[in-house]
Amino acid sequence: MRATVMYGAGDVRIETVPDARLIEPTDALVVVIRAAICGSDLWPYKTMDHSETGRRMGHEAIGVVEAVGADVRTVKVGDVVVMPFAYSDGTCVFCHEGLQTSCIHGGFFGTVEVAGAQAEAVRVPQADGTLVVMPAGTDDALMPSLLTLSDVMATGHHAAVVAKVGPGKTAAVVGDGAVGLCGVIAARRLGAEQIILLGRHPDRIILGREFGATDIVSERGDEAVERVHELTDGFGVHSVLECVGLEESERTALSIARPGGAVGRVGVPQDETMPASRPAFYNNVTVGGGPAPARAYIEELLPDVLEGRIEPGRVFDRVARLDEVPDGYRAMNEREAIKVLIGF
Ligand SMILES: [Zn+2]
């Protein structure tokens, strides 16, 4: 089968690799029908050291179950399934607490342990706990939005939940990438009254407004902090969704939370230390977040997608075939595309 392999910064290739197959009795083999390139795939695309063996990329997919192991009970051959970016057993203490990204038998796709989903097929460990079966006859037109439940929409929602977005609250979303844009959808869905999007790319801002952003702040650093305070009677916002992970965006996020507010971090932090610790302390700001337990949120978000109340699939502004994936990485890295959908 063919799959996406990254050999180092800027070096993505489509190669023929051994067919994905069942290994554990709890596995499912899924033929991929839609996949995506993630903003987080751009970190290794920018920085990865050369590797002789390469890394099999991809952690967002929809597919059709082709085979299941002997211990798989609920997922059946022929099911159309959404795969969250982490696999989980659905039965351990953390899964029961809704934190499937910390599953004691879990892990992540596109790693050394489990090959990625930017491929013709993928082995899914812990199939019963991991996969979410789509209703039969699901409209093809919904596929892009359903695919976002693998990661970006679930991640934006996680940021909003951790940031305690609620009816009548003020919210700010730091970052206008696909996750930030989904964060706008999530903030609106949870009832935020004012949603300030911090971003500076015109095409993304247009989409952000359509998703529900009420104000746009395109300044950066101290000027951005000042602008947000101007827009909120000098107080800052109740809820901040940090969707970037860089030093400056984190500093901004912690500086625009109002006293007693909360910051939900979903941008993978690129530094060991967190900036603005002291103002956050004196303002009693709650800081939380991490990898989104997408599996916990898919069932909650699914009806809104199926019934068209939210359309997160609009973050995909380019479609590529598998052999066009290397150019898709380039396009996202150069900000030519917000997010690339891979069709088969
Ligand atoms: Zn678990």
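Attention here is on the structure that accompanies the text. Keep in mind the model is a prediction, meaning the values are calculated, not measured.

1. A short note on the overall build of the protein
Consideration 1: For the protein, the helix and strand inventory stands at 12 helices and 18 strands.
Consideration 2: By the compact-globule yardstick of 20 Å for 344 residues, the protein fits well, its C-alpha radius of gyration being 20 Å.
Consideration 3: With respect to the principal axes defined by its C-alpha atoms, the protein has extents near 60 × 40 × 35 Å.
Consideration 4: Each of the 344 residues in the protein was classed as buried or not, and the buried ones make up 55%.
Consideration 5: Taking contacts inside the protein between residues at least 6 apart in sequence as the whole, the part at least 24 apart equals 68%.
Consideration 6: A distance of 2 Å separates the average location of the 31 positive side-chain charges in the protein from that of its 48 negative side-chain charges.

2. Focus on the pattern of salt bridges
Consideration 1: Considering all chains together, one arrives at 24 salt bridges under this definition.
Consideration 2: The closest approach of N and O atoms between Arg189 and Asp304, which form a salt bridge, is 2.7 Å. Of this pair, Arg189 sits in helix α6 (residues 178-189) while Asp304 is found in helix α11 (residues 294-306), placing the two residues 115 residues apart along the sequence.
Consideration 3: Among the residues examined, Arg189 registers a relative accessible area of 26% and is labelled partly exposed.
Consideration 4: Between Arg330 and Glu336 there is a salt bridge whose closest N-O contact spans 3.2 Å.
Consideration 5: Judged by its relative accessible area of 25%, Arg330 is partly exposed.

3. Quick word on the coordination of the zinc ion
Consideration 1: Coordination of the zinc ion by the protein is provided by Asp89 (OD), Cys92 (SG), Cys95 (SG) and Cys103 (SG), with metal-donor distances spanning 2.1 to 2.3 Å.
Consideration 2: Coordination at the zinc ion is tetrahedral, judged from the four donor atoms that bind it and the angles of 93 to 121° they form at the metal.
Consideration 3: One chain supplies every donor for the zinc ion, spaced along it as D-x2-C-x2-C-x7-C. Here Cys95 and Cys103 have matching classes, each one buried.

4. With respect to a nonpolar patch on the surface
Consideration 1: Together, Val93, Phe94, Leu99 and Ile104 give the surface a local cluster of nonpolar side chains, amounting to about 320 Å² of exposed area.
Consideration 2: One can find Leu99 in the loop between α2 (93-96) and β8 (107-108).
Consideration 3: Residue class for Leu99 comes out partly exposed when judged on its relative accessible area of 31%.

5. Digging into the nonpolar core
Consideration 1: Membership of the largest hydrophobic core comes to 51 residues, with the highest contact counts inside it found for Leu146, Leu149, Met153 and Leu241.
Consideration 2: Put simply, the parts of the chain that give this core at least two residues each are α4 (143-148), α5 (152-162), β11 (170-174), α6, β12 (194-198), α7 (202-211) and α11.
Consideration 3: Of the residues forming this core, the biggest block, eight residues, is contributed by α6.
Consideration 4: In this structure, Leu241 is in contact with Gly156, Ala159, Ala160, Ala163, Val165, Ala172, Val173, Val174, Gly183 and Gly264, ignoring residues within four places of it in sequence.
Consideration 5: Of all hydrophobic cores here, the second largest spans 34 residues; its members include Met6, Tyr45, Ala61 and Val72.

6. Overview of the side chain of Asp151
Consideration 1: Along the chain, Asp151 falls in the loop between α4 and α5.
Consideration 2: Ignoring any residue separated from it by four or fewer positions in sequence, one finds Asp151 in contact with Cys38, His59, Glu60 and Phe85.

7. Focus: α5
In an α-helix, one turn spans 3.6 residues; hence positions three or four apart end up facing the same way.
Consideration 1: Buried residues dominate α5, accounting for 10 of its 11 residues.
Consideration 2: Along α5, the residues that are buried comprise Val152, Met153, Ala154, Thr155, Gly156, His157, His158, Ala159, Ala160 and Val162.
Consideration 3: Looking at the buried side of α5, the elements it contacts are α4, α6, β14 (237-242), β15 (257-265), β16 (286-289) and α11.

8. Focus on the environment of Trp43
Consideration 1: With respect to the helices and strands, the residue Trp43 is situated in helix α1 (residues 42-47).
Consideration 2: According to the relative accessible area criterion, Trp43 is partly exposed, its value standing at 23%.
Consideration 3: Linking Trp43 and Asn333, residues 290 residues apart in sequence, is a C-alpha distance of 9.3 Å.
Consideration 4: With near-sequence residues (within four places) excluded, Trp43 lies in contact with Met48, Val244, Leu246 and Gln270.

Conventions and cut-offs
- Residues numbered from 1 in each chain as written.
- Predicted model: local features only at pLDDT ≥ 70, side-chain atom pairs only at ≥ 80, totals over all residues.
- Heavy atoms only, no water.
- Helix = DSSP H or I, 4+ residues; strand = E, 2+ residues; numbered from the N terminus.
- Rg over C-alpha atoms; globule rule 2.2 N^0.38 Å.
- Buried < 20%, exposed > 50% of the residue type's maximum accessible area, 1.4 Å probe, protein only.
- Contact = heavy atoms within 4.5 Å.
- Lys, Arg positive; Asp, Glu negative; His and termini not counted.
- Charge placed at Lys NZ, Arg CZ, Asp CG, Glu CD.
- Salt bridge = Lys/Arg side-chain N within 4 Å of Asp/Glu carboxyl O.
- Donors = N, O, S within 2.8 Å, 3.2 Å for Na, K, Ca; no water.
- Tetrahedral: all angles 85-135°; square planar, octahedral: opposite > 155°, others 65-115°.
- Patch = residues over 30% accessible without salt bridge, like charges linked within 9 Å, V, L, I, M, F, W, Y side chains within 5 Å.
- Areas by Shrake-Rupley, 256 points an atom, 1.4 Å probe, with all protein chains shown as cover.
- Core = buried A, V, L, I, M, F, W, Y, C linked by side-chain atoms within 4.5 Å.

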